[in-house]
Amino acid sequence: MSDSEPVIILKEVDKFFGDFQALSKINLIVNKGERIVVCGPSGSGKSTMIRCINRLEQHNAGQIIVGGHELTDQVKDIDAVRREVGMVFQSFNLFPHLTIIDNLMLAPRLVRKTPKPEAREKAMSMLERVRIPEQAEKYPSQLSGGQQQRVAIARALCMNPEIMLFDEPTSALDPEMINEVLDVMTDLAKEGMTMICVTHEMGFARSVADAVVFMDEGEIVERNKPEEFFNNPQHERTKLFLSQILAH
Amino acid sequence: MGESVDLIIESIPQILMGLGLTLELLFLSGILGLMLAITVLLMRISGNPLLTWPAMIYIYIFRGTPILIQIFIIYYGLSQFEWIRESILWTLLREPFGCGILALTLNTGAYVSEILRGGVLGVDRGLLEAGSALGLSKRHRFIYITTPIAVRLAIPAYSNDVISLMKSTALVSTITLLDMMGYARIVYAETYAPYEVFTSLMVIYLIITWIIQRAFGLFEKRMSRHIRK
């Protein structure tokens, strides 16, 4: 497979919530192995856009093609896409009634029908990858926010996704826990994972991203390499946004 | 005073002759009611109006009317209809016991289905989204995520309803059944000592309530083990 093989294609995508247009004519192509950071003011449609990619939201117009499957009402295609796409949420969303290891094993066992010993082995190796194997038998409520988010990343990885979506993964964390999560994400990026990451961690964007996408009012205003994006923003709205978040 | 205490103690064994029937009514209608409640809940949340509407009408009727009327309609009312007397239902409805079970089951089923719905609605939407994102089907999400969490959320209200059902069983004494209340009324008719007889009866109900509370307390503790640090 060549490096410029597109794995996510959004073409003229519109999304409405009632009368409110959350996305308008979104065009985005993400190639295999590319790391995209999406930023923009709150309410600009960042989360909605990545939630459309694994069909947590349905788009109203346009086309979304993920790993060769077009997202329509066909359950088969939705399942196929969800098998290839892992997602990490702002609020972790670990299953509170299951231990960490059971959180990791649930989907592989139910969806992939992986036998228990194999699922367990995979889960342990993923916990090692996010550096918390010693927490395997605990419940989510016994872990810190940073640990919970790393478990959430490990849980998504247990399904062997080709693509990872991150929806503000560090926004709910105390400041001292942000780096442990970003470290894990940086490791993933180095290993060649295709990633779309909604975040305001500009240090992460600079060091890891291949491209930064800036959204405002449901539109993609600008897409550029991080260097260019930060040093030489093209649009007024981008400049304003950067001046606001980089003010301190 | 000594006489009263003697009477209270003496009436207890007689009232306890009805304990078996009281417990039978409680367990049978409790279990059947729970099964009915789960069915009605699934209808109610199915999103299909053909299922949702009958469920809502059933809940409205049985929550919205006194249980004593429900018992009377089932016991005295239904036998008026010849087609019921000729149907297979008659084997159940011919006996006051069957009528009692049916009335209590229908009544508790309506309440419990709403209690369970409260639990289902209390499940954080984000958890179901996480399940979807991991590729879990709607059925898997319901069984492995919604159900265990909803059950824990519903336990306090459900235990309340079981206690309420236990007390409602006393009403079947009005349709000739000899539960504890039925026996207490016999003892009262013989002794004309309402204070003593009904005090004994109250104490027995309180003991049963205590056992139910304790059992649900333990169950709740077990279902909440993931929350304790």
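Nothing here was measured: the structure is a model prediction, and the numbers come from that model.

## Brief notes about the overall build of chain A
If you tally the helices and strands in chain A, you get nine helices and 10 strands. Over its C-alpha trace chain A gives a radius of gyration of 18 Å, about what one expects of a compact globule, namely 18 Å for 248 residues. Overall size of chain A, expressed as C-alpha extent along the three principal axes, is 55 × 45 × 40 Å. Of all 248 residues assigned to chain A, the portion counted as buried reaches 57%. Excluding contacts between residues fewer than 6 apart, the proportion of contacts in chain A whose partners are at least 24 apart in sequence is 65%. Just so you have it, chain A exposes about 10800 Å², and 47% of that area is on carbon and sulfur atoms. Treating the 28 positive side-chain charges of chain A as one cloud and the 36 negative ones as another, the clouds have centres 5 Å apart.

## Thoughts on the pattern of salt bridges
Where side chains of opposite charge bring their charged atoms close, a pairing between them can arise. On inspection of all chains with the given rule, the structure shows 18 salt bridges over all chains. Taking the shortest distance from any N to any O, the salt bridge between A:Arg131 and A:Asp187 comes out at 3.1 Å. Here A:Asp187 lies in helix 6 (residues 175-190) and A:Arg131 lies in the loop between helix 4 (116-129) and helix 5 (145-157), a separation of 56 residues in the sequence. One salt-bridge network, in which partners are shared between bridges, spans A:Arg51, A:Glu57, B:Arg125 and B:Glu129.

## Examining the interface of chain B and chain A
Listed by partner, the interface residues are 22 residues for chain B and 23 residues for chain A. For chain B, the biggest contributors to the area lost against chain A are B:Ala133, B:Leu134 and B:His226; these three give 32% of the whole. Counting every contact that joins chain B to chain A gives one salt bridge. At the junction of chain B with chain A, the criterion picks out four residue pairs in polar contact (both at pLDDT 80 or more). Among the elements of the structure, helix 8 (125-133) and helix 9 (138-168) of chain B are those that each provide at least two residues to the side of chain B that touches chain A. The leading source of residues in the side of chain B that touches chain A is helix 8 of chain B, at eight residues.

## A look at the state of the cysteines
All names here are of chain A. Taken as a whole and judged by the stated rule, the model has zero disulfides over all chains. Residue Cys52 stays outside any disulfide, its sulfur separated by 18 Å from that of Cys197, the closest cysteine. A relative accessible area of 0% places Cys52 in the buried class. Here Cys158 stays unpaired: no disulfide links it, and the sulfur of Cys197, its closest cysteine neighbor, is 19 Å away.

Rules used in this analysis
- Residues numbered from 1 in each chain as written.
- Chains lettered and ligands numbered in written order.
- Predicted model: local features only at pLDDT ≥ 70, side-chain atom pairs only at ≥ 80, totals over all residues.
- Heavy atoms only, no water.
- Helix = DSSP H or I, 4+ residues; strand = E, 2+ residues; numbered from the N terminus.
- Rg over C-alpha atoms; globule rule 2.2 N^0.38 Å.
- Buried < 20%, exposed > 50% of the residue type's maximum accessible area, 1.4 Å probe, protein only.
- Contact = heavy atoms within 4.5 Å.
- Areas by Shrake-Rupley, 256 points an atom, 1.4 Å probe, with all protein chains shown as cover.
- Lys, Arg positive; Asp, Glu negative; His and termini not counted.
- Charge placed at Lys NZ, Arg CZ, Asp CG, Glu CD.
- Salt bridge = Lys/Arg side-chain N within 4 Å of Asp/Glu carboxyl O.
- Buried area = accessible area lost by both parts, 1.4 Å probe.
- Polar contact = N/O pair within 3.5 Å; in protein donor to acceptor, adjacent residues only side chain to side chain.
- Disulfide = S-S within 2.5 Å.

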